[in-house]
Amino acid sequence: MLQNIKKKARAYSPWIFHAHAGGCNNCDIELAACFAPRYDLERMGIQLRNNPRHADILIVTGPVTKQISSSLRRIYDQVPNPKVVVACGSCALTGGVYNRDDGKPNYALAGPPEKLIPIDISVPGCPPKPESIIDGVMLALEILRKK
Amino acid sequence: MKTGLARLAKELLRNSLRPVTANYPAIPEHARPHEPGEEIRGRHRFDVEKCVGCGACQTVCSSGAISVTDSGIERVLRIDLSTCIFCGRCRDICPEEGLQLTPEVPSAQPYGDILKTFKVEHSVDLSSCVGCGRPTYPKKQIETVRMRIISNLDKVNVDSARRDMDIYLKYCLNCRRSLSYIFGTHPRKLY
Amino acid sequence: MNLIELIIQATLLTSASFIFGTIYNYEIRKISARLQSRRGPWLLVPKPLRKSLGTTRILQPLYDIIKLLCKETIIPPTARRRLFISAPLFALLCLVASSTIIPIGEYSALSSFDLSLVALLYLLLAVPFTLILGGSVSSSPWGIFGGQREADLMLAYETPIVIGSFTTAIMAGSMSIKEIQVAQTLSLPYLVLNPFAAAAVLLGIIGKLHLKPFDIPEAEVEIVAGPATEYSGKLLGLMEINKMLLTSVCIGLFINLFMAGGAVPGVTLNNSLTVLTYLAEGLIIVAVASLIHTLNPRFRIDQALDWYIKTAALLAAVGLCWAYILRHIYPAISG
C-alpha cells in the first residue's frame, strides 16, 4: 500500500533537468517548446528545474564536446536516485551530423553520451518533434514507476 | 493607460477560457502538422519497384547514416535512423524516385531496443559476372540503364548500342577490360 | 477544553492547514497557467490517460512532496551537517505551532488565549531566519546569495504585516485572534472598515510567500535556487511542506483578521459551514495574489525595498491613523 503510494507519487510528479552538452541548440528549442502553451508538460505535473539536485529525469541533448564531458559526469552524479536519463536527438544517440564520412573520430567530441553515463531512453529525430519528446517522457514515467 | 488595461483584461480572459494546448498524449491524432500542406520528413520508405540499389543516397548522406553492404549476391541498403538528420538529400538525389520520406516520425524507444526498430532496410539482388563469377551490379540497375539508353539514343546508333550492351553488360569491369579486344570495344582497335 | 480535546483539535487543524495549503498552491499554478493560455495541472485528466496518470491532479503539490520524501538525500560534504539538516526542521516546528494558533471557522485550538497574535507573528518571523541559515551553511555561493537576499527582503515585508495586524488588534481591542474574529461579527469586517491596513497586509503576504514581483531569494535564472540550492530529497520535501503550511497560515491570518474568519451574513461563527466559506475566501485571495504573480516580472532587491517602504509601509501607517480616526467617528468599534 505504501509502496503503491510511493510509485504513484514518483510517476505523478517528475522534475526535469536539461543538460546541454554541446550541439546546435535545436533540440533545446524543441524541449523548451514542450513547456510552451501548445504542448504543455505542466499538465502532467512536470516542472523544468535548473538544479540537478532537484530533478528526477535528466535530458541530455547534443553530442558531448570535450569541454563539457567532465561536467556531464558530475551532473549525472548530482541527480539523486531514482533517476532516468533520456538522450534526445540524433547527436545524443550516435553523434549525428558531426560524424566524419571516413569513420574517424571527430576532433571536438568526446563520444556520444553513452560512453559517459548510462542512458535509459532514446528519442530520435533531428530535432525530435515535441510529440516524440512527450512520448519519451511518458516512457520515463513508466520506468520511474518500476524503480 | 486605461485602454491598455482594458485590452489586457480582455486578452487575459480570452486566454484563460481558450487555451491553445493540443491534447497530445490523450489523442494521438493531434500530432499532425500545423498547416495542412506542410511536408514532414520522417521515416524513409524504399519503393520496392523503383529502387535499383545504385547507392547514390549513400554518397550524399549528410551524417553517414546510409550504408550499402554487399554480401554474396545481395546488396543491403540500411538507413540508421538514430544517426539520420532527416535532411532529405537522399530523396532529392535518387534518380528513380525510389526513396520517399513519409510523415511518420520515429518516436521514443527504450535504449536497449535502439538497433531493432531504428533502421530501414532494403535489399536488391546482384547479378554475377559471366566471366569470373564475382557479383557486379544490381540486376535492376543494369536493366534500367539498358532501357534508358535504348529509349533515349537516336535511331542511327540504337542497333549497334543494343548489340554492344547485350555483350558486355554481363561482365564485370575487370573482365570487360581484359576482353575488350575480343568484344571490339577497345579504343585502339578503332584506328 | 481539556488536554485530549486540545491535542485532537490541534492535529486536525494542522492537517487541514496542510491540505488547504496544497489546494492554494495548486490554484496558483493553475491560474498562472490559464492566464498564459495553457492548461495547468489537470483538474480532470482526459479519459485515455486516466489509468496511467490518475483521475485528478488537484493534490499535485502533495505528490511532489511524497516523491521528494522518497528520494535519496545528498548532503554536500563541506556543509555544516547539523545546521543544514536542522534549518528546515526548525521551520517546520514553528509552522506547525503557528498553524494551531490560526482558527478555521469555529475550530480553534490555541487561538483564544491572550496575546495569541503576538505569538503568531513571532513564530512567523522565525521562518525567514531558517531560510537564511540553511542557505548560508550549505557550502555554495548560491546559498549565501540567496540568504543575503532573503535577509534584505525580510526587512521589507515584515513591516507592513506587523503594523497592519496590530491595527486590527487596536480596532478590536484585544490581542487574541479569536477575539478579533468575534469582534468583526459584531460590526463590519475590517476589510471594509480599514482597507488601508488590509491592503498593507496583503502586499506583505505576497512578499512573504515569495510570489512574483518579490520572488527574489528563489530567483531562478540569477542564482540557481537560492537557499534551496544544495537541498535534495527528504530535506527538500521538508522545505516544500513548509511552503504549504506557510501559505495556509498567512492566508488564514488575513482571513481571520480582516474577513471575520469565514463568517458571512448567512453563516455565523458557530456553524460548521464556516470551514467552507473560509476555503472559498482563501481561494479568492489566492486568485488575486496569483493574478499579481503571473503578470509581473521580478523586481531587483533595491526596487523591492524601495517599493515596500514607499507604498506598503505608508499604507500601513495610514491604516493605523485611520483606525484612530474611526474610533472617534464610529464608536461602535471598541477602543
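Refer to the structure printed above.
Residues numbered from 1 in each chain as written. Chains lettered and ligands numbered in written order. Predicted model: local features only at pLDDT ≥ 70, side-chain atom pairs only at ≥ 80, totals over all residues.

### Focus on the nonpolar core
The biggest cluster of nonpolar side chains holds 137 residues, and the ones touching the most others in it are Val86 and Cys88 of chain A together with Phe254 of chain C. Looking at this core, the element that brings in the most residues is helix α10 (residues 234–258) of chain C, giving 16 residues. Ranked by size, the runner-up nonpolar core spans 21 residues in total, among them Cys54, Cys61, Ile79 and Cys90 of chain B. (Core = buried A, V, L, I, M, F, W, Y, C linked by C-beta atoms within 7 Å. Buried ≥ 20, exposed ≤ 12 C-beta atoms within 10 Å, placed from the backbone. Helix = DSSP H or I, 4+ residues; strand = E, 2+ residues; numbered from the N terminus.)

### What about the sheet that holds strand β6 (residues 119–128) of chain B?
Residues and elements named next belong to chain B. Across the sheet, 4 strands lie side by side as β2-β3-β6-β7; this open sheet has antiparallel pairing. Across the chains shown, the open sheet's two edge strands, defined by having one partner strand only, are β2 (66–71) and β7 (135–138). This sheet shows a mean twist of 35 degrees between the axes of neighbouring strands, independent of strand direction. As paired strands, β6 and β7 are joined by 2 bridges and run antiparallel to one another. Across the sheet, residue Ser128 finds its bridge partner in β7, namely Pro135. (Pairing = 2+ DSSP bridges. Axes fitted to C-alpha atoms, helices over the stretch in contact; angles between N-to-C directions.)

### Topic: the interface of chain C and chain A
Think of interface size as the accessible area that goes away when the parts come together; that is how it is often given. Taken together, the 28 residues of chain C in the interface contact 19 residues of chain A. Looking at which element gives the most residues to the side of chain C that touches chain A, the answer is helix α3 (residues 60–69) of chain C, with 5 residues. Across the side of chain C that touches chain A, the residue classes tally to 11 nonpolar, 8 polar and 9 charged. (Contact = placed C-beta atoms within 7 Å. Nonpolar A, V, L, I, M, F, W, Y, C, P; charged D, E, K, R; others polar.)

### Section: the packing of helix α4 (residues 81–99) of chain C against α10 of chain C
Residues and elements named next belong to chain C. Direction vectors running N to C along α4 and α10 enclose 25 degrees, while the axes themselves pass 9 Å from each other. In this view, α4 runs roughly parallel relative to α10, as classed from their interaxial angle. In this structure, the crossing between α4 and α10 has a hand that is left-handed. From α4, Ile85, Pro88, Leu89, Ala91, Leu92, Leu95, Ser98 and Ser99 reach across to α10, where they touch Leu235, Leu238, Met239, Ile241, Asn242, Leu245, Leu246, Ser248 and Val249. When its residues are assigned to classes, the contact of α4 with α10 shows 13 nonpolar, 4 polar and no charged. (Parallel < 35°, antiparallel > 145°, perpendicular 65-115°, else oblique. Left-handed = near helix turned anticlockwise from the far one by under 90°.)

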